[in-house]
Amino acid sequence: MRILVINGPNLNMLGRREPEIYGRETLDDLIALIRDHAAKKGIEVSFYQSNHEGDLVDAIQGALGTADGIVINPGAYTHTSIALLDAVKAAGIPAVEVHISDVTKREKFRQTSYIRQACVATIMGKGFAGYTEAVDLLAAYGDGK
Ligand code: CA2
């Protein structure tokens, strides 16, 4: 099982601003948490972060043939990007949408998710634990196939 974990715009700023929403831990801390969790389960994980929509599209397309599942926090592109939705559909790889915060309890503009309709599940409001839950979900999904 190989899982690609993708983080979108501004998630490289984790731990540096807005700790009341996103916590005090950094993107490197998040990567270490997922890496340790996956290693215990024998799951191969790789990581990608970009602030650029087209680069995220390229990363999703690049998962074809190299990953069996995608965990994606598209950041603010969740709420705007049909290109990311199309990329997940085109790749045809099971994907789980993750948000650190509970977007349902935030501003109205965060209530739309384009990518959601191409994802097998959405996990939100669980902090960094949402990513490890997504890894487990994809592993179980893969076993069921
Ligand atoms: O809750 C999430 O994970 C979000 O995907 C995070 C996005 C936001 O636009 C979505 O609505 C919900 C923003 C990521 C920004 O991350 C920052 C981290 C630290 C400091 C500033 C921004």
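Every value quoted in this text rests on a predicted model; they were computed, and no experiment measured them.

Conventions we followed
- Residues numbered from 1 in each chain as written.
- Predicted model: local features only at pLDDT ≥ 70, side-chain atom pairs only at ≥ 80, totals over all residues.
- Heavy atoms only, no water.
- Helix = DSSP H or I, 4+ residues; strand = E, 2+ residues; numbered from the N terminus.
- Rg over C-alpha atoms; globule rule 2.2 N^0.38 Å.
- Buried < 20%, exposed > 50% of the residue type's maximum accessible area, 1.4 Å probe, protein only.
- Contact = heavy atoms within 4.5 Å.
- Areas by Shrake-Rupley, 256 points an atom, 1.4 Å probe, with all protein chains shown as cover.
- Lys, Arg positive; Asp, Glu negative; His and termini not counted.
- Charge placed at Lys NZ, Arg CZ, Asp CG, Glu CD.
- Near = heavy atom within 4 Å.
- Polar contact = N/O pair within 3.5 Å; in protein donor to acceptor, adjacent residues only side chain to side chain.
- Nonpolar A, V, L, I, M, F, W, Y, C, P; charged D, E, K, R; others polar.
- Arc of directions from axis to C-beta.

Considering the overall build of the protein
The helix and strand inventory of the protein stands at 5 helices and 5 strands. Put simply, the protein runs from its N terminus to its C terminus through helices and strands in the order β-α-α-β-α-β-α-β-β-α. Taken over the C-alpha trace, the protein has a radius of gyration of 14 Å; the compact-globule value for 145 residues is 15 Å, and the two agree within 12%. Each of the three principal axes of the protein carries a C-alpha extent, and together these read 35 × 30 × 25 Å. For the protein, with 145 residues in total, the buried portion stands at 44%. When contacts within the protein are restricted to residue pairs at least 6 apart in sequence, those whose partners lie at least 24 apart make up 76%. For the protein, the accessible surface area stands at approximately 7300 Å², while carbon and sulfur atoms represent 49% of it. Distance from the positive charge centre (15 side chains) to the negative charge centre (18 side chains) of the protein: 4 Å.

Some points on the site of the ligand
Surveying the vicinity of the ligand reveals 17 residues, the closest of which are Asn73, His79, Ile100, Ser101 and Arg110. Side-chain polar atom of His79 to an oxygen atom of the ligand: 2.6 Å apart, as the coordinates give it. Backbone polar atom of Ile100 to an oxygen atom of the ligand: 2.7 Å apart, as the coordinates give it. About the coverage of the ligand: the protein hides 94% of its 500 Å² of free accessible area. Class assignment of the residues belonging to the shell around the ligand gives a composition of 8 nonpolar, 6 polar and 3 charged.

Comments concerning unusual backbone geometry
A negative phi angle is the norm for most residues apart from glycine, just as the trans form is the norm for most peptide bonds. Of note, the phi angle at Asn10 is positive, near 75°, even though the residue is not glycine. With respect to the helices, strands and loops of the structure, Asn10 is situated in the loop between β1 (2-7) and α1 (19-22). Unusually for a residue other than glycine, Glu18 sits at a positive phi of about 45°. When you line up the elements, Glu18 lands in the loop between β1 and α1.

Thoughts on helix α4 (residues 82-91)
Those residues of α4 that fall on the buried side of the exposure criterion are Leu84, Leu85, Ala87, Val88 and Ala91. The buried side chains of α4 occupy one side of the element, clustering within an arc of 160° when seen end-on. Looking at the buried side of α4, the elements it contacts are α3 (53-62) and β4 (95-99). Sitting at the amino-terminal end of α4 is Ser81, which places a side-chain oxygen 3.3 Å from the backbone nitrogen of Ala83. Positive backbone phi, at 65°, marks Gly92, one or two positions downstream of α4.

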